[in-house]
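# Fold and geometry: a report
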Amino acid sequence: MLNLTPSDIRLGQKFSSKEEAIQGIAKLLAELGAVEAGYVDSMLGRERTANTYLGNGVVIPHGQPQQSNLIRETRVVLIQVPQGVAWKGEERAHLIFGIAAKSDEHIGLLARLTSITADADLAKDLASTTDPEVIIAAVFGEETGAGDDIDDDYAGERVFVKFTNPRGFHLRPASQLAELTEQMDGNISLVVNGREADARSALKIVSLGITAESHIEIRSDSPYATDHLDRISRLLELINDEPQEVIDEVDSAIHWEPVQSESTSSISGTMAAPGIAVGPVFHWNLGSHDAADRKRGDEASECSALEVAIETAVSGLTELADDENMNKVQRNLFTAHVALVDDLELKEAALNKIKEGEDALSAWNAVVTDKAAKLEALTDANLAQRAVDLKDAGHRVSRVLLGEVQDPLAEITAPVVLIAEDLEPSEAAQLSSEKVSGICLRAGSPNAHSAIVARSLGIPMVVAMGDALADAVRDATVLLDASGARLFLEPSEADLESACKALKAIDARREQAWSQRFSPALLTDGHRVEVVANIARVEEAENALKAGAEGVGLVRTEFLFLDREHAPTEDEQYECYKAMVEALGGLPMVLRTVDIGGDKPVDYLGLSEHDLSFLGLRGIRLGLARPDIIKTQLRAVFRAAKHGPIKLLFPMIATPNDFRRIRQIAETVRREVDGPQIDLGVMIEVPAAVTMAPELAKVVDFFSVGTNDLTQYGLAVDRTHPLLAKRADSLHPVVLRMIDTATKAAHAEGKWVGVCGGLAADPLGAQILTGIGVDELSMPAALIPAVKEKLRKANLADLQALAKRALAQDDAVAVRLIPPAV
Ligand code: PEP
Ligand code: MG
């Protein structure tokens, strides 16, 4: 166990910040020959990922395990700070125990420190004593040990677990255990070496001083004790097997924590796009001009003012839609807005109003509001979104009439943190990460379209921040921690420095992944996973290749059918599919037949809302009910398949007979157009298909798992319901077990399995899926480099072990607690 002598103690010190204190403690350790000078960064890094405040002014800064090579000798030092230094929220540190320990030697010290953390008066005395021996005696004098005296006549249930993790029971696993026990009823405790501690308190668990080889007794007096004890034992097994803490380094850039909390007043909200940003404040004040101030002309000049305003708005939007620097989400939005503003009917209606005596602005606003209200009244989610878009696009015309600037960011040269009341989708789409490093909204919602745009641009964004945002002073440098959903108005130098460091680390990782994007996802043992892209349009095929895709795992063809007056013709589809497969230059392309329904409705088919519901005529069911639609599409596909390697995929297949029926139609069409024989696969996205997977695997060529719908149907959670978003977790063992079943069934028949739902792009998800044995992962192109990079660091045996553990859990929270393989 670590010991403390008077020469290891410095009394009566002063620090102005936590960072300075940590530098002081690292310097002392270095002066005493215990560590290399660079250990200070490791200590600062540890503090960012896990605050080391224990209680009653006691803190235990220490380094991260991956830098233990910088430790020359295991040692503990103490710096006493009588006036204290801000450490965690309101809490100030007075006794700073700096630890340099190669493995778990500091765990014993933690147990002894409970003599101080449990006794406020003693802590106060030690914070001001001028005699180092008093502190040594308090900590090391008599055997302290943590916890309460044990009750040997315990009447509840108990189990025994041997703790074997060589790194001891430190704060992070203790917090995980406390998170788990919080959901349980009754008294739950851990007993070690005759001392008992409440299992709902991370600090009390840590203070038991549990080390490798400790025997832990877990107690519960709940009527559901058997279940509770089983869950805790299983979590302890996970902690026992935890690998080296390499994740700390990876996560530190994202889980950024302020170094100094004393000087930082923050405003909190709801995270809409993750990340951190630093920059000067810029207030986005569109709509600041008052309609009453607008001078109105006679009828003729009002009519021409309106026409000019519409033309100006249309040309501005067209320019944005054609801008090569815009991404797909942005360009689609502007293209849609051009069509909404350039609407003859709308213009005529407004001109008529002007002729009836209204001015251009009120006439235009009235017709836009009227049309939007009609769309809203149709209670269709898609049309409601169109109403939002119409109002948004309509504002663009109003702003021209009011003489407002269309691009308030035109003068901006360095990235700002943008502050606004709310952002309309087109306003968000006009932003670029070169000009905006972060967004804070007084109102807004994480599910709004502007949030989707911010995420697609990689701009961190926090919404619903309230009136306090008005305190942000123009040009003042602020720090936005969007992942932590807070804005620091007056960040300290130390915080700015550490945030910039974290940003650099994120960039470096992105660059590293990007530079390796064309290398395959070869695991360290040579096992290969195909990494391919999900696309919906021709340009995306080209972008997929640029991002390192090894082909296309999913073409969502329904996007050709949405937002139009009638279905695309055979030739139109043929040209599109041909262009896509040709763009891939010989790489495989899995094309899914149209998946209309659910959140992708169309109005020209004459189907009711009921028909188009998630459980209605969705996907292949529509194809079977309306052969005209599917036959036209299949003709186009088989014609295009003459130009490149296309595989056909059918959505919403529930039973082998669904597949047989569509296969029969496909074969008839293939002969009609003299198309090539191509592989036919099914989406595994309905639980029924999982149950029937052994039978399906006999008749299809491949499976493609749609985790978005498999999660929705498997857990009975509407995938678009904002209140159920947390429940719709594709890492839930319900979903993972279904994927496992389907994969085994496919492999038993020698067929391959891809995953094209969102789970494939989740770093932990991609690892677990690979461990389950999935052969191909398909995802949005932009995420390919990072997933490839993640997989390259692992080996198959570790991923299989990871998958096995994930499959054995009983909820998604537990799966997320499993440390990733790398
Ligand atoms: C899925 O359900 O996971 C899937 C890939 O299909 P979509 O998201 O288009 O329904
Ligand atoms: Mg689906």
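Residues numbered from 1 in each chain as written. Chains lettered and ligands numbered in written order. Predicted model: local features only at pLDDT ≥ 70, side-chain atom pairs only at ≥ 80, totals over all residues. Heavy atoms only, no water.

By the naming in an unreviewed UniProt entry, the chain goes by phosphoenolpyruvate--protein phosphotransferase and is assigned to Thalassobacterium sedimentorum. A UniProt comment under Sequence similarities (unreviewed entry) is attached to the chain, and it reads "Belongs to the PEP-utilizing enzyme family." Under the heading Catalytic activity (unreviewed entry), UniProt records this for the chain: "L-histidyl-[protein] + phosphoenolpyruvate = N(pros)-phospho-L-histidyl-[protein] + pyruvate". (UniProt positions renumbered as here; feature names shortened; annotations may be inferred.)

## Quick word on the packing of helix α21 (residues 627-640) against helix α22 (residues 656-673)
Close contact between α21 and α22 brings their axes to 9 Å; oriented N to C, the two are set at 55°. In this view, α21 runs oblique relative to α22, as classed from their interaxial angle. With respect to the hand of their crossing, α21 and α22 are arranged in right-handed fashion. On α22, the residues touching Ile630, Lys631, Leu634, Arg635, Phe638 and Arg639 of α21 are Ile662, Ile665, Ala666, Val669, Arg670, Glu672 and Val673. (Axes fitted to C-alpha atoms, helices over the stretch in contact; angles between N-to-C directions. Helix = DSSP H or I, 4+ residues; strand = E, 2+ residues; numbered from the N terminus. Parallel < 35°, antiparallel > 145°, perpendicular 65-115°, else oblique. Left-handed = near helix turned anticlockwise from the far one by under 90°. Contact = heavy atoms within 4.5 Å.)

## Re the confidence of the model for the chain
Averaged over every residue, the pLDDT of the chain is 86; residues scoring 70 or more account for 90%. For residues 244-253, every residue scores under 50 in pLDDT, and the model assigns this stretch 27 contacts once sequence neighbours within four places are set aside. (pLDDT = per-residue confidence, 0-100.)

## Quick notes on helix α13 (residues 360-376)
Every α-helix carries 3.6 residues per turn, so stepping three or four residues along brings you back to the same face. Along its 17 residues, α13 runs 24 Å from first to last C-alpha, staying within 8% of the 24 Å computed at 1.5 Å per residue. Of the residues that open α13, the one with a side-chain oxygen 3.2 Å from the backbone nitrogen of Leu361 is Asp359. (Expected span 1.5 Å × (residues − 1). Polar contact = N/O pair within 3.5 Å; in protein donor to acceptor, adjacent residues only side chain to side chain.)

## A short note on the coordination of the magnesium ion (ligand 2)
The coordination sphere of the magnesium ion (ligand 2) contains the protein donors Glu685 (OE) and Asp709 (OD), at a distance range of 2.0 to 2.1 Å. One end of the pair, Glu685, is in the loop between β24 (680-684) and α23 (687-691); the other, Asp709, is in helix α25 (residues 707-714), and 24 residues separate them in sequence. Judged by relative accessible area, Glu685 falls into the buried class, the value being 1%. (Donors = N, O, S within 2.8 Å, 3.2 Å for Na, K, Ca; no water. Buried < 20%, exposed > 50% of the residue type's maximum accessible area, 1.4 Å probe, protein only.)

## Overview of the pattern of salt bridges
Think of it this way: side chains of opposite charge can pair up when their charged atoms draw near. In total, this model carries 38 salt bridges according to the counting rule given. The shortest N-O distance in the salt bridge between Arg639 and Asp571 comes to 3.0 Å. Residue Arg639 is located in helix α21, and its partner Asp571 is located in helix α19 (residues 570-583); the two are separated by 68 residues in the primary sequence. Judged by relative accessible area, Asp571 falls into the partly exposed class, the value being 45%. (Salt bridge = Lys/Arg side-chain N within 4 Å of Asp/Glu carboxyl O.)

## Concerning the site of ligand 1
Neighbouring ligand 1 are 15 residues, the closest being Arg556, Arg592, Asn708, Asp709 and Arg719. Arg556 places a polar side-chain atom, nitrogen or oxygen, 2.7 Å from an oxygen atom of ligand 1. Between Asp709 and ligand 1, the recorded distance is 2.9 Å, taken from a side-chain N or O atom to an oxygen atom. Compared with its free state, where it exposes 280 Å², ligand 1 has 99% of that area covered by protein. For the shell around ligand 1, the secondary-structure elements that each account for two or more residues are β21 (552-556) and α25. Here the shell around ligand 1 takes three residues from α25, the largest share from any one element. (Near = heavy atom within 4 Å. Areas by Shrake-Rupley, 256 points an atom, 1.4 Å probe, with all protein chains shown as cover.)

## What to know about the pairing of strand β20 (residues 528-535)
Summarising burial for β20: six of the eight residues are buried, a large majority. Pairing analysis gives two bridges linking strand β19 (residues 521-522) to β20, with the strands arranged antiparallel. Following the sheet pairing, Ala521 is matched in β20 by Val529. Here β19 folds back onto β20 in antiparallel fashion, the turn holding five residues, of which Gly526 has a positive phi close to 95°. Inspection of the sheet shows β20 paired to strand β27 (residues 776-779) by four bridges, in the parallel sense. Bridged to Val531 within β27 is Leu777. In this structure, β20 lies alongside β21, joined through three bridges in parallel fashion. (Pairing = 2+ DSSP bridges.)

## A few points about the pairing of strand β9 (residues 195-198)
Pairing between strand β8 (residues 188-192) and β9: four bridges, direction antiparallel. Each residue of the ladder has a partner; that of Ser189, found in β9, is Asp198.

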